[in-house]
Amino acid sequence: MPDPSAPLRLLVIEDEAPIRRFLRIVLEGAGHAMDEAARGREGIERAATGAPSAVVLDLGLPDMDGKAVIAAIRDWSDVPIVVVSVRSAEAEIVAALDAGADDYVTKPFAPAELLARLRALTRRRSAGEVPPVLSHGDLGIDLAARTVTRAGVPVRLTRKEFDVLALLARNAGRLLTHHQLLRTVWGPAHLDDSHYLRIAVGHLRDKLGDDAAAPRLIFTEPGIGYRFASAE
Ligand code: CA
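I will try to describe carefully the structure that is included in this document. (Residues numbered from 1 in each chain as written. Predicted model: local features only at pLDDT ≥ 70, side-chain atom pairs only at ≥ 80, totals over all residues. Heavy atoms only, no water.)

Some remarks on the packing of helix α2 (residues 40-50) against helix α3 (residues 66-74)
The geometry of α2 relative to α3 is characterised by a closest axis approach of 10 Å and an angle of 20 degrees between their N-to-C directions. As judged from the angle between their axes, α2 and α3 are roughly parallel. α3 is crossed by α2, and the crossing has right-handed handedness. Here G40, I44 and A47 of α2 come into contact with α3, specifically with V69, A72 and I73. Residue composition of the contact of α2 with α3, by class: five nonpolar, one polar and no charged. (Axes fitted to C-alpha atoms, helices over the stretch in contact; angles between N-to-C directions. Helix = DSSP H or I, 4+ residues; strand = E, 2+ residues; numbered from the N terminus. Parallel < 35°, antiparallel > 145°, perpendicular 65-115°, else oblique. Left-handed = near helix turned anticlockwise from the far one by under 90°. Contact = heavy atoms within 4.5 Å. Nonpolar A, V, L, I, M, F, W, Y, C, P; charged D, E, K, R; others polar.)

Structural data, given as structure tokens:
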């Protein structure tokens, strides 16, 4: 397995030069290498030729819609993509995640937050195949047997509760949208039934002893989706 603390090669696609300069200071300061592009087309080319470990993509580019950049990269690569958006552009963020982005930060963002997102996503990728039993703290999730234990004690979940938990935990550290969760667990006819999801997550939190106000396992991104805590 690759060293999780190894330096990353990051591609920043952002049209504002001061933000690129700021990101270079942050990323190189953390020991990573940074490549940059000011436009979408150039960014797609560099993603293809530079084999970055992750992409940081500004959604407000002059030449292309951010979703089109994500779609183009996703044609041939599953490189982690973190999008940068302005606060309150919730619909734009959801559309980017549904198009295949892995996570987001909003401007102005804290460097530590961006670095934590990039670390979580690249760690998940470098871990390769999902192991048959996932664990987080005292929680154990056996994906094959479809059983869950908490401190060794079995937790009874409904089929849908298990499916939601397994999907989130398999994507630990990644933000999944309401639509992605509803489509996978309930099917494409239920994309608007977000109350199914809300209820299932509420029951999961009760059964797993997680607190929505101070979560350890399942984090809510209001209006966007849910994220399972990244691997320790
Ligand atoms: Ca911009």
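This is not the end of the story, as more comes after the structure.
Considering the packing of helix α6 (residues 159-170) against helix α7 (residues 178-185)
Their axes nearest at 10 Å, the elements α6 and α7 cross at an angle of 130 degrees. Between α6 and α7, the angle falls in the class oblique. The element α6 and its partner α7 pack so that their crossing is right-handed. Residue-level contacts link K160, D163, V164, L167 and L168 of α6 to Q180, L181, T184 and V185 of α7. In the contact of α6 with α7, the residues fall into five nonpolar, two polar and two charged.

Concerning the sheet that holds strand β9 (residues 153-155)
Spatial ordering of the open sheet is given by β6-β7-β8-β9, a layout of four strands whose pairing is antiparallel. Each edge of the open sheet is held by one strand with a lone partner, namely β6 (133-136) and β9. Here the average twist between neighbouring strands, direction ignored, is 25 degrees. Where strand β7 (residues 139-142) lies against strand β8 (residues 147-150), four bridges are found, and the strand directions are antiparallel. Looking at the pairing, L139 lines up with R150 of β8. Against the sheet, α6 makes contact with β6, β7 and β8, and its axis sits at roughly 105 degrees relative to β7, the strand it touches most. In the packing of helix α8 (residues 194-208) onto the sheet, the strands contacted are β7, β8 and β9, and the crossing angle to β8 comes to about 45 degrees. (Pairing = 2+ DSSP bridges.)

Brief notes about α3
When we look at burial in α3, the residues that qualify are G66, V69, I70, A72 and I73. Buried residues in α3, looked at end-on, bunch into an arc of 165 degrees, giving them a common side. Taken together, the buried residues of α3 touch β1 (9-13), α2, β3 (54-58), β4 (81-86) and α4 (90-98). Structurally, the start of α3 carries an N-cap: the backbone nitrogen of K67 is 3.2 Å from a side-chain oxygen of D65. (Buried < 20%, exposed > 50% of the residue type's maximum accessible area, 1.4 Å probe, protein only. Arc of directions from axis to C-beta. Polar contact = N/O pair within 3.5 Å; in protein donor to acceptor, adjacent residues only side chain to side chain.)

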